[in-house]
Amino acid sequence: MSTATTTPTSNVTKRLGAIGKARELGILLALVIVVIAATAANPNFLFSADGWRDLLLTPSILVLVAVGQAIVLITRNVDLSVGSVLGLTAYLTGRLFIDFPGIPIIVVFVIAVAFGGALGLINGALVAFAKVPAMVITLGTLYAYRGINVLWTGSDRVNASDLPKSFLALGTEQFLTIPILTIIALVVLVIAGWYMKNTRGGREFYAIGSDPAAAELYGLRVTRRLLTAFVLSGALAGLGGVLYAARYGTINSQAGSGWELDAVGAAVIGGVAIVGGVGSVWGAAIGAVLLLTINRALPILGIPDFWQRAVVGVLIIGAIVLDRVLAVRQKRKLIEARDDS
Amino acid sequence: MTIPPGAPDRAPALELRDIRKSFGAVVALRSGTIEVHAGSIHALVGENGAGKSTLVKIIAGLYRRDAGEFRLESADVDFTSTADSKAAGIAVIYQEPTLFPDLSVTENVFMGRQPTGRFGRIDRNAMRTEVDGLFQRLGVRIDPDRPADGLSIADQQVIEIAKAISLDAKVLIMDEPTAALSGVEVDRLFQIARSLRDEGRAIIFISHRFDEVFDLCDTVTVMRDGAYISTSRIVDTSVDEIVRQMVGRDVTELFPKQETTIGGPLLEVEGLTSAGVFHDISLTVRSGEIVGLAGLVGAGRSEVARAIFGVDHYQSGTVHLNGKPVPAKSPTAAMRLGLALVPEDRRKQGLVLDSSVARNTTLAIREQLAKFGIITSGFENRAARVWASRLEVKTNALSTVAGTLSGGNQQKVVLGKWLATEPTVLIIDEPTRGIDVGTKAEVHRLLSELAGQGMGILMISSELPEVLGMADRVLVMREGRITAEIDRSDATSENVMFAATHAEEQHS
Amino acid sequence: MSSITETTPAPASVRRYRDYDQPLWKRVLLTREMAIIALLVVVVIIATMTIRGFGQPITLTYLILDVTPILLIALPMTLIMITGEIDLSVASVVGLSSVVTGVLINGGVPFEIAAVVALLVGGIGGAINGFLVTVVGLPSLAVTIGTLALFRGLAVGLLGTTAVTDFPEFWTDLAKAKLGATSIPLAIIPFLVLLAIFAVLLHFTPFGRGIYAIGLSKETAAFSGVDVGRTKFILFVLAGLVSALAGIYYTLRFGSARGDNATGMELQVIAAVVLGGVSVFGGRGALHGVIAGVLLIGVLASALRLANVTSDVINIITGALLVISVVSSSLLAWLRTQRQTPAVKPSAESGAAG
Amino acid sequence: AAGDSGSGGGEGEGDGGNLSITFLPKNLGNPYFDTSNAGGEEAIEEFGGTFAEVGPAEATPDGQVSYINTLTQQGVGAIAVSANDPKAICDALNEARDAGVKVVTFDSDTNADCRDLFVNQADSEGIAKVQVDLIAEQIGGAGEIAVLSASANATNQNAWIELMKEELAASHPDIELVEVVYGDDDDQTSFDKTAALLQTHPNLKGIVSPTTVGIAAAARYLQTSEYKGAVALTGLGTPNQMREYVEDGTVTAFALWNPADLGYLAAFASKALIEGDITGAEGDTFEAGKLGEYTVGADGVVLLGDPYVFDAENIGDFDF
Ligand SMILES: Nc1ncnc2c1ncn2[C@@H]1O[C@H](COP(=O)(O)OP(=O)(O)OP(=O)(O)O)[C@@H](O)[C@H]1O
Ligand SMILES: Nc1ncnc2c1ncn2[C@@H]1O[C@H](COP(=O)(O)OP(=O)(O)OP(=O)(O)O)[C@@H](O)[C@H]1O
Ligand SMILES: [Mg+2]
Ligand SMILES: [Mg+2]
């Protein structure tokens, strides 16, 4: 029996693997094209010290947030509150440095990440225990967290001069021409990617997103997994908040507003399915880089400031359409493959 | 209480007494009682809605009992989640397959208990070799690396079985595992079940097919209306006895297909082809005729049905109804022309589970019900009541949520929904899957009555007796092709099975 | 054994089916929608009693003027969300139609024609969403995040720094005019008309039945002859048209067409729709609840502003309200199931057989 | 309880006495307006009125309109508003005036017919000229420059940029303004836009940012980039935000008026209107506490004075 199927099996398998790769590859290709075009129009985009640095630096923070978002999306949920969480933690970071002069940077990181995780936990608890659609909950906390932020910050703002030089340096300094921020983002990405692919926990995220009811029947610890997903998303947004403070130095009550759409957009561009169960944090990360790189490439390609939003929109749509086309073609191949079995 | 064979002296592996469970107003279980011994295959039979699946779900820890005793090897237990029951060594195959569509077949089998190496890294190779062995043992021909998405119900059921067996649990519960399977798979399943029994496992087997019950099981417990009726040794009882206990009355003539005068062709399919699923399908259904479409699982019968009805697309071929061409990819148009399809998967394709019985029954005829484009619940209830009572759906209000009906009663609602459209040709995929004897006879009587009124019926069924009993003509499919057309008169289980499996012989 | 068989009653062979298993009042009153409506009434009463200046008729005028765009867009959004889809691009369509009107007026086109063109643009925008969702088969959340950026970008791009402000007096006045002597703005009329149309469409037509079926089970709907693609496409186009209408109203009310008009309104609309009892998973919800949801948010905001509460606190309250309303409803459901399944106690009464 | 705080505006009948003056900035959380409102509060305490401050979270006209409506309902004495749109808030303001509320615009004006007075921080010509002079001096009168503005619709910003272009054409023909980009008065956006500018125009000599948010963000980018010192930066900024950049030489000089004085003047103008000392007609004069006497100019504009240039020498003397 099985010998009869080994041949079709193996090549069906190959094609299947190809789907997974093709999704990320498609986006990666788009990214490369954008970079090449921009560099052709103006070599500085890639070949000047600042060009190279900003290419890596600008998307780093969104990558972190998008990775968290991707994990939540894969469980068939969504976290719209990341922007507010990021803003709140960013301001917390500033306050810590102001109110506790000389506080070790690492401590600030820990506190901020923990705080972000806590905010995420609130989301997760409401979703998992109250069994309320994540979109509603996080839309609510999007308002609530931002409101708290504005209440707390008022019209105060943290200025670069309030932050220690060594901390601000994190936002700009490089290690072998690679910005620290980018390195942090990469480390997180690699760990998250490995976890999602190779551990029971990671696979259970996919299972839950793929069919929540079945997950219950299986006796998977759905509640715990959901909490984990939201805590991760919150914690990564928190980490993003600290880095935001380091990168931009100035934090007011509106920091990070609107990031939720960027994060979801990045993940979706990267091939993470809104309906859960499909996609990878790698895709989400590439999506984030593409999104922000496009933003920076447009003026260089001579597209006037006003039209950039429009072009970004077109590109988002283009990306997901491309992604879809690839997926559909693969699926048809898979079905036709049965003929050779 | 009869002492079942196996180990008379030992305490029962699993024992439930007077289990009570109600969902709001609905009392699903009044006094669920069953006692299963290690090394025995114990049949649980009862009409649709008797409470079998509910009992199973309580054992699985999916529902919590309202009252009653629940013992594992004479130790009281109280499961709060399916994880508990798994831990206690209980494996369950639920009536409705539940796989993760986006994950590979292999992952589906091992989800939550994958073999892991360092840093909790999943050992994919170990998983793969194990699943290959498993599938070989079961004779499954499914690529372990393909996603579960797009598998036939039958294939899904097979995977559920593989999953449950791989748990190698002390107690294995199978809720109508064979409903979707046909001959070959069933035989394989039974071989394995027997070997498990001989290893000393306790097995509960739920089925509406008595030939299977008598072939496989050594003990049988009968339930009716959520209450325990009797337990007896298979050898001490008979089909008639059990049926009487189940329905509380005598049921006669399971397949009452009466001779009808067969008229002109209604449905004509020419060279229908969809790459990878089916090839060059040509068939005709005449008025007053029931055409049986038999075949092994995965033969592509359902795909053909779906393509004819316009749900699935196909590359080439034509479909005509009453001589009028049926446009591809438009169920709406097909319905207007008088075609109806009772789909294979009632939960995903047949019903809106969260919607009321009334809404479900009238969904397909909502346009006809509307007056001046306006439709109200009043209209719907009036129309729904007709079919509910005609098919004796087991519920007290038309506002009942369809998802809470028992499997068989759900199937009745789907039937009513499509008969309400008064089709000229009815395509019906697994008409009596998971339907109890009483209802089954009901359905068959209904079908032949409809045929008598001149309706053309294309009946896909994996149950040979049904095909042989009901069909005027039997078409057999294998791997997406029609391999034989046999007339009622000379159709036998042998020649049908041969046409269905012929290739398999050559393969091995 | 067999003796039991005789004693256990055989199932009633002739069944009688009630229409509903609950009395009318329960079905009408014990609903999410009613809860929101009740809450709205309570808030209004309390505000009138405690907050100085809330009682006066002018409050109603301003309230309606403020919420009309949201009310309008909430209508199609409800239908879309019941099919399980979502449209995040509505606010951008508002901005775009506003800008289109402005640009044409600048070009000397009479307002009436400009408005019609703006409506067309909105319809086309909706059609683009619909096409990508139904034909290409992309998730609407992703698609409309894209078109949210696209339409807004077009709006900003078309007008740049300028803001068109010279609209015909007649129309700008009309947008603010009141019904005769009352303090109710004229703008309520077109809304009421649309409300009637959408209510019938959703609750009393086969099309509406299809919408619910799609939301609860797309596949079953398709098998039952509901044209899923067509239905969704129509809804997205409707959303585009109504959003464009809202954009024109918006333009007239503020007498200014700008690229950034109504930025972020999509979230307000969705918040209101969800508050009104529509499930983001689709299949559930009703229009009266949604209307109450929109008004509730509007009334709260205006009352709190009158009480000198700053905008950020208002945001917190809106958010909290949203969360509480949904959490509470599912908590109630949970409690009910708890009552049904008490902790297992050794059963005193013995079963019918055994 | 909440009601009482709301009623603060209502006390005393609408005519003459009602000295409750509410400041309505473009948006809350903007330090520039904090400073101006603080000035307003100081003034109002001097002459014993009631100060209040409300505003939307984002700088949008519809947000402001809701608040204007609310203030109308509360019947405050006067509204001192910085307009997010010259026309969009007009009708609301006029309804307020019909209800006897005095309307003073400051920092960013509406159309002249929807307010009683406009307190102008410095006439646009003056602002445009000082910035052009500064940048011209810093880049040696020739080369490419760019402008980093606030939002694309900000009335005052656009007016200034127009005048800058004229001034450049008139007196500095060798300076070419290559691009105007918009940072939406959002720190992050301005920061990234600066980065884009520098890459798009390799031989850019200078950047002018006529907005406090923009100039700070641009300065911070320059500070850590290879362009520090090579590309000149000037515009309108607050000393506290710019101090470190002036001290480390990223920025040599920038300009601004004193926002506190602006608010202070707006408050006294409101008082004068409420008490009927002036009607907003040209030639009216009124007393503005420590700032002395002011005269209303053509179409109801009161001019605060010329912008002030901050540099390494004098920046130490200021704290706002
Ligand atoms: N979740 C539920 N909510 C409400 N009622 C339910 C629920 N599950 C089952 N029921 C009711 O309990 C009774 C028993 O259902 P069950 O599924 O156990 O029957 P069954 O014996 O499995 O029938 P079948 O052979 O058709 O599967 C039925 O009347 C059904 O309507
Ligand atoms: N070679 C194959 N490899 C994997 N899956 C297959 C193969 N052939 C068929 N299938 C599965 O079987 C399905 C076709 O089976 P289908 O349900 O149409 O068969 P059927 O004869 O109707 O069986 P059933 O009794 O389940 O209705 C396809 O959708 C596919 O999922
Ligand atoms: Mg069952
Ligand atoms: Mg089938």
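Definitions and cut-offs
- Residues numbered from 1 in each chain as written.
- Chains lettered and ligands numbered in written order.
- Predicted model: local features only at pLDDT ≥ 70, side-chain atom pairs only at ≥ 80, totals over all residues.
- Heavy atoms only, no water.
- Patch = residues over 30% accessible without salt bridge, like charges linked within 9 Å, V, L, I, M, F, W, Y side chains within 5 Å.
- Areas by Shrake-Rupley, 256 points an atom, 1.4 Å probe, with all protein chains shown as cover.
- Salt bridge = Lys/Arg side-chain N within 4 Å of Asp/Glu carboxyl O.
- Helix = DSSP H or I, 4+ residues; strand = E, 2+ residues; numbered from the N terminus.
- Pairing = 2+ DSSP bridges.
- 1 Å grid on protein atoms, 1.4 Å probe; cavity = no way out; pocket = protein on both sides within 12 Å on 5 of 7 lines; lining within 4 Å.
- Points joined across faces, edges and corners; volume = space filled by probe spheres on them.
- Nonpolar A, V, L, I, M, F, W, Y, C, P; charged D, E, K, R; others polar.
- Contact = heavy atoms within 4.5 Å.
- Buried area = accessible area lost by both parts, 1.4 Å probe.
- Polar contact = N/O pair within 3.5 Å; in protein donor to acceptor, adjacent residues only side chain to side chain.
- Phe/Tyr/Trp six-rings, centres within 6.5 Å; stacked < 30°, edge-to-face > 60°.
- Buried < 20%, exposed > 50% of the residue type's maximum accessible area, 1.4 Å probe, protein only.
- Lys NZ or Arg CZ within 6 Å of the ring centre and 35° of its normal.
- Near = heavy atom within 4 Å.
- Domains from an automatic or database assignment.
- Lys, Arg positive; Asp, Glu negative; His and termini not counted.
- Charge placed at Lys NZ, Arg CZ, Asp CG, Glu CD.
- Donors = N, O, S within 2.8 Å, 3.2 Å for Na, K, Ca; no water.
- Axes fitted to C-alpha atoms, helices over the stretch in contact; angles between N-to-C directions.
- Parallel < 35°, antiparallel > 145°, perpendicular 65-115°, else oblique.

*Asks:* Account for a nonpolar patch on the surface, naming residues and giving values.
*Replies:* Taken together, the side chains of C:L24, C:W25, C:V28, C:L29 and C:L30 present a nonpolar region at the surface, about 550 Å² in accessible area. If you trace the backbone, C:L29 turns up in helix 2 (residues 24-29).

*Asks:* Provide a residue-level description of the sheet that holds strand 15 (residues 324-325) of chain B, including the pertinent values.
*Replies:* Residues and elements named next belong to chain B. Spatially, the four strands line up as an open sheet ordered 12-11-14-15, and their pairing is antiparallel. Looking along the sheet, the strands with just one partner apiece sit at the ends: strand 12 (278-286) and strand 15. Relative to strand 14 (residues 316-321), strand 11 (residues 265-274) runs antiparallel, the two sharing five bridges. Residue L267 lies in a different strand from strand 14, and its bridge partner there is L321.

*Asks:* How would you summarise empty space enclosed by the protein if you had to cite specific residues and measurements?
*Replies:* By the definition in use, this model includes 16 cavities of 30 Å³ or more. There is about 210 Å³ of room inside the second largest cavity. What lines the second largest cavity is a set of 20 residues, and nearest its centre among them are A:L217, B:K86, B:V92, B:Y94 and B:L167. Those elements giving two or more residues to the lining of the second largest cavity turn out to be helix 10 (212-218) of chain A together with helix 2 (82-87), strand 6 (90-93), helix 3 (105-110) and helix 5 (153-166) of chain B. A breakdown of the residues in the lining of the second largest cavity according to their chemical character gives twelve nonpolar, four polar and four charged.

*Asks:* Tell me about the interface of chain A and chain B, and name the residues and values.
*Replies:* Opposite the 36 residues of chain A that make contact, chain B presents 43 residues. In total, chain A and chain B occlude about 3300 Å² of area from one another, counting both sides; carbon and sulfur atoms represent 55% of this. The interface formed by chain A and chain B contains one salt bridge. Its salt-bridge partner being A:R203, residue B:E107 comes within 2.6 Å of it at the nearest N-O pair. For the pair chain A and chain B, the interface holds twelve residue pairs in polar contact (both at pLDDT 80 or more). Going through the elements one at a time, helix 1 (2-41), helix 8 (180-198), helix 9 (200-210), helix 10 and helix 14 (308-336) of chain A are the ones with two or more residues in the side of chain A that touches chain B. Element by element, the count of residues in the side of chain A that touches chain B is highest for helix 1 of chain A, at seven residues. A class-by-class count of the residues in the side of chain A that touches chain B yields 15 nonpolar, eleven polar and ten charged.

*Asks:* Which residues make up the packing of aromatic side chains, and what are the values?
*Replies:* All told, the structure shown has 24 aromatic pairs over all chains when counted by the stated rule. Between the aromatic rings of A:F97 and A:F167, the centroid separation amounts to 4.6 Å while the plane-to-plane angle is 45°, which identifies the pairing as tilted. Placement of A:F97 in helix 4 (residues 82-99) and of A:F167 in helix 7 (residues 165-172) is noted, with a sequence separation of 70 residues between them. Across the pair, exposure class does not vary: A:F97 and A:F167 are buried alike. Members of the aromatic cluster, joined through ring pairs, are A:Y244, A:Y248, A:W259, D:F191 and D:Y221. Between the NZ or CZ atom of A:R203 and the centre of the ring of A:Y206, over which it lies, the distance is 4.5 Å. In this structure, D:K271 is placed above the aromatic ring of D:F47, and the distance from its NZ or CZ to the ring centre is 5.5 Å.

*Asks:* Give me the lowdown on the site of ligand 2, citing residues and values where you can.
*Replies:* Around ligand 2, the structure places 20 residues, and the nearest of them are B:G150, B:R301, B:S302, B:E303 and B:E344. Looking at what sits near ligand 2, you find residues from chains A and B. Between B:A299 and ligand 2, the recorded distance is 3.4 Å, taken from a backbone N or O atom to an oxygen atom. Contacts to ligand 2 include B:G300, whose backbone N or O atom sits 3.3 Å from an oxygen atom. With the chains in place, 90% of the 620 Å² that ligand 2 exposes on its own is no longer accessible. Considered class by class, the residues forming the shell around ligand 2 number six nonpolar, seven polar and seven charged. Three or more residues apiece are contributed to the shell around ligand 2 by two domains, here domain 1 (14-99 + 151-248) and domain 2 (250-338 + 423-508) of chain B.

*Asks:* How would you explain a negative patch on the surface if you had to name every residue and give the values?
*Replies:* All names here are of chain D. On the surface, a cluster of negative charge is made up of E41, E45, E46 and E53. In terms of residues, the negative patch owes the most to one element, helix 2 (residues 31-46), which gives three residues. With respect to the helices and strands, the residue E53 is situated in strand 2 (residues 50-53). A relative accessible area of 32% means that E53 is categorised as partly exposed.

*Asks:* Just give me the short version of the coordination of the magnesium ion (ligand 4), but keep the residues and values in it.
*Replies:* Residues and elements named next belong to chain B. Donor atoms from the polypeptide that coordinate the magnesium ion (ligand 4) comprise S302 (OG) and E344 (OE), at 1.6 to 2.4 Å from the metal. Taken together, the positions of S302 in helix 9 (residues 301-309) and E344 in the loop between strand 16 (339-342) and helix 11 (346-350) put the pair 42 residues apart, joining distant regions of the chain. Judged on exposure class, the residue S302 and its partner E344 are both buried.

*Asks:* Let's hear about the site of ligand 1: which residues, and what values?
*Replies:* Residues and elements named next belong to chain B. Around ligand 1, 21 residues are found, and the nearest of them are N48, S53, T54, T404 and G408. A distance of 3.4 Å is found between a nitrogen atom of ligand 1 and a side-chain nitrogen or oxygen belonging to Y63. One of the backbone nitrogen or oxygen atoms of G408 is found 2.7 Å away from an oxygen atom of ligand 1. Its free accessible area being 630 Å², ligand 1 has 90% of it covered by the protein chains. Those elements that place two or more of their residues in the shell around ligand 1 are strand 2 (26-36), helix 1 (52-59) and helix 15 (407-419). A per-element tally of the shell around ligand 1 places helix 1 first, with three residues.

*Asks:* Please set out the domain arrangement of chain B residue by residue, giving values where relevant.
*Replies:* All names here are of chain B. Split into domains, chain B comes out as domain 1 (14-99 + 151-248), domain 2 (250-338 + 423-508) and domain 3 (347-420). Contact with domain 2, which involves 16 residues of that partner, is made by eleven residues of domain 3. Carbon and sulfur atoms make up 67% of the area that domain 2 and domain 3 hide from each other, which totals about 1100 Å². In this structure, E449 and R390 form a salt bridge, with 3.3 Å as the shortest nitrogen-oxygen distance.

*Asks:* Tell me about the sheet that holds strand 3 (residues 78-81) of chain D, residues and numbers included.
*Replies:* One key point about sheets: their strands pair by backbone hydrogen bonds, in either a parallel or an antiparallel sense. Residues and elements named next belong to chain D. One open sheet accounts for six strands, arranged 2-1-3-4-5-13; its pairing is parallel. Of all the strands in the sheet, the pair left with one neighbour each is strand 2 and strand 13 (301-303). Strand-to-strand twist in this sheet, taken as the mean axis angle between neighbours without regard to direction, amounts to 20°. Taken together, the four bridges between strand 1 (residues 20-24) and strand 3 define a ladder with parallel strand orientation. Of the residues in strand 3, the one forming a bridge with F23 is A80. Each of strand 1 and strand 3 touches helix 3 (residues 61-74); the most contacted strand, strand 1, lies at about 175° to it.

*Asks:* An account of the arrangement of the chains is requested, with residue identities and associated values reported.
*Replies:* The highest contact count of any of the five pairs of chains in contact belongs to chains B and C. Nothing in chain B touches chain D, and the closest approach of their C-alpha atoms is 39 Å.

*Asks:* Please provide a residue-by-residue account of the packing of helix 4 of chain A against helix 12 (residues 259-269) of chain A, values included.
*Replies:* Residue and element names in this part refer to chain A. Between helix 4 and helix 12, the least distance of the axes is 6 Å, while the angle of their chain directions is 125°. Considering their axes alone, helix 4 and helix 12 lie oblique with respect to each other. In this structure, helix 4 uses V82, G83 and L86 to contact helix 12, whose residues at the interface are W259, E260 and A263.

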